[in-house]
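# Structural characterization, general
Here is how the chains run, residue by residue.
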Amino acid sequence: MIGELFRENIHLSYHQIQIRPRDEPGPAYPKAFGNGLVALDDEEPDGATILTGIAMGQVEMTVRLAEEAPPLDLDSWEEIVDISIESTFGSLIVCGLDGDLPRNLPNLAWKGPGFYRLRVHAIGRDTNVDGTAFTPTERYAVVSWPAPCPAPDRVHKLTDVFGAGERGRAPQAGTTWPTRKNPSGS
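The model shown is predicted, which means the values in this text are computed figures rather than measured ones.

Within the protein chain, the secondary structure is distributed over one helix and eleven strands. Along the protein chain, from the amino end to the carboxyl end, the secondary structure elements read β-β-β-β-β-β-β-β-β-β-β-α. Out of the 186 residues belonging to the protein chain, those deemed buried represent 49%. A fraction of 81% describes how many contacts in the protein chain between residues 6 or more apart in sequence connect residues 24 or more apart. As displayed, the protein chain has an accessible area near 8,600 Å², and 52% of this comes from carbon and sulfur atoms.

Let's shift gears to the pattern of salt bridges. The final tally for this structure, using the stated rule, is seven salt bridges. With a shortest N-O distance of 3.2 Å, Arg-167 and Glu-79 are connected by a salt bridge. Residue Arg-167 is located in helix 1 (residues 161–169), and its partner Glu-79 is located in strand 6 (residues 79–87); the two are separated by 88 residues in the primary sequence. Assigned by exposure class, Arg-167 and Glu-79 land together as buried.

Attention now goes to the pairing of strand 6. Consecutive side chains of a regular strand alternate in pointing toward one face of the sheet and then the other. Most of strand 6 sits out of view: eight of its nine residues are buried. Inspection of the sheet shows strand 6 paired to strand 11 (residues 154–158) by four bridges, in the antiparallel sense. Its bridge partner lying in strand 11, Val-81 is registered against Val-155.

Turning to the packing of aromatic side chains, a few remarks are in order. Applying the stated criterion across every chain, the model contains one aromatic pair. Residue placement shows Arg-139 over the ring face of Trp-77; its charged tip is 4.9 Å from the ring centre.

Let us look at helix 1. Of the residues making up helix 1, those classed as buried are Phe-162, Gly-163, Glu-166 and Arg-167. Across the axial projection of helix 1, the buried residues extend over an arc of 135°, all falling on one side. Turned more than 90 degrees away from the buried face of helix 1 sit Val-161 and Gly-168, all of them exposed. Packed against the buried residues of helix 1 are strand 4 (48–51), strand 6 and strand 11. For helix 1, the side-chain oxygen to backbone nitrogen distance between the N-cap and Gly-163 is 2.6 Å, and the N-cap itself is Asp-160.

Judged by nonpolar contacts, the single largest core of 30 residues is most densely connected at Ile-19, Ile-50, Met-61, Val-94 and Leu-108. Put simply, the parts of the chain that give this core at least two residues each are strand 1 (5–13), strand 2 (16–20), strand 3 (38–40), strand 4, strand 5 (56–65), strand 6, strand 8 (114–123) and strand 10 (139–147).

The next subject is the environment of Pro-146. Along the polypeptide, Pro-146 turns up in strand 10. Judged by relative accessible area, Pro-146 falls into the partly exposed class, the value being 25%. Each C-alpha atom of the pair Pro-146 and Lys-111 lies 7.2 Å from the other, and the pair is 35 residues apart in sequence.

The rules we used
Residues numbered from 1 in each chain as written. Predicted model: local features only at pLDDT ≥ 70, side-chain atom pairs only at ≥ 80, totals over all residues. Heavy atoms only, no water. Helix = DSSP H or I, 4+ residues; strand = E, 2+ residues; numbered from the N terminus. Buried < 20%, exposed > 50% of the residue type's maximum accessible area, 1.4 Å probe, protein only. Contact = heavy atoms within 4.5 Å. Areas by Shrake-Rupley, 256 points an atom, 1.4 Å probe, with all protein chains shown as cover. Salt bridge = Lys/Arg side-chain N within 4 Å of Asp/Glu carboxyl O. Pairing = 2+ DSSP bridges. Phe/Tyr/Trp six-rings, centres within 6.5 Å; stacked < 30°, edge-to-face > 60°. Lys NZ or Arg CZ within 6 Å of the ring centre and 35° of its normal. Arc of directions from axis to C-beta. Polar contact = N/O pair within 3.5 Å; in protein donor to acceptor, adjacent residues only side chain to side chain. Core = buried A, V, L, I, M, F, W, Y, C linked by side-chain atoms within 4.5 Å.

Next comes the structure, spelled out in structure tokens:
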């Protein structure tokens, strides 16, 4: 399973792909996307949102689990950003806003509760901005590996116009890691 590629088309709406626990509600929409691609939930851990160019439809998603940070592939992607996310439940899935659970994508928090680094890749977000895609015109990839503690976002590549527009709207502030107000989830 480690190193294997998992691929599935994700149905999304409102420009959002979510990363969230399998049996929990999705993250709140972030106040800003400082890097123009992905942002953590502002209030709780266990949640992040990837911003898509299309407003609704299908995108191709690839997931890979790794023991450590993988080598960079700068030639195949337009946007690449690493973020830290905490999994308090030991479950992080990639899904659309409506919570359609993926059949073929693994748990990103594959080592259980704790911190993970996610490398999020995107290409094609400028193809059909605000449109609908019945077949994928955008591709995304997420690589997940365990981390001993959170670290600031690390931007590797930012080249698409859509992301530049989002970065222009974002207030420039430091990253903070929310803590779950009630770890039992009740």
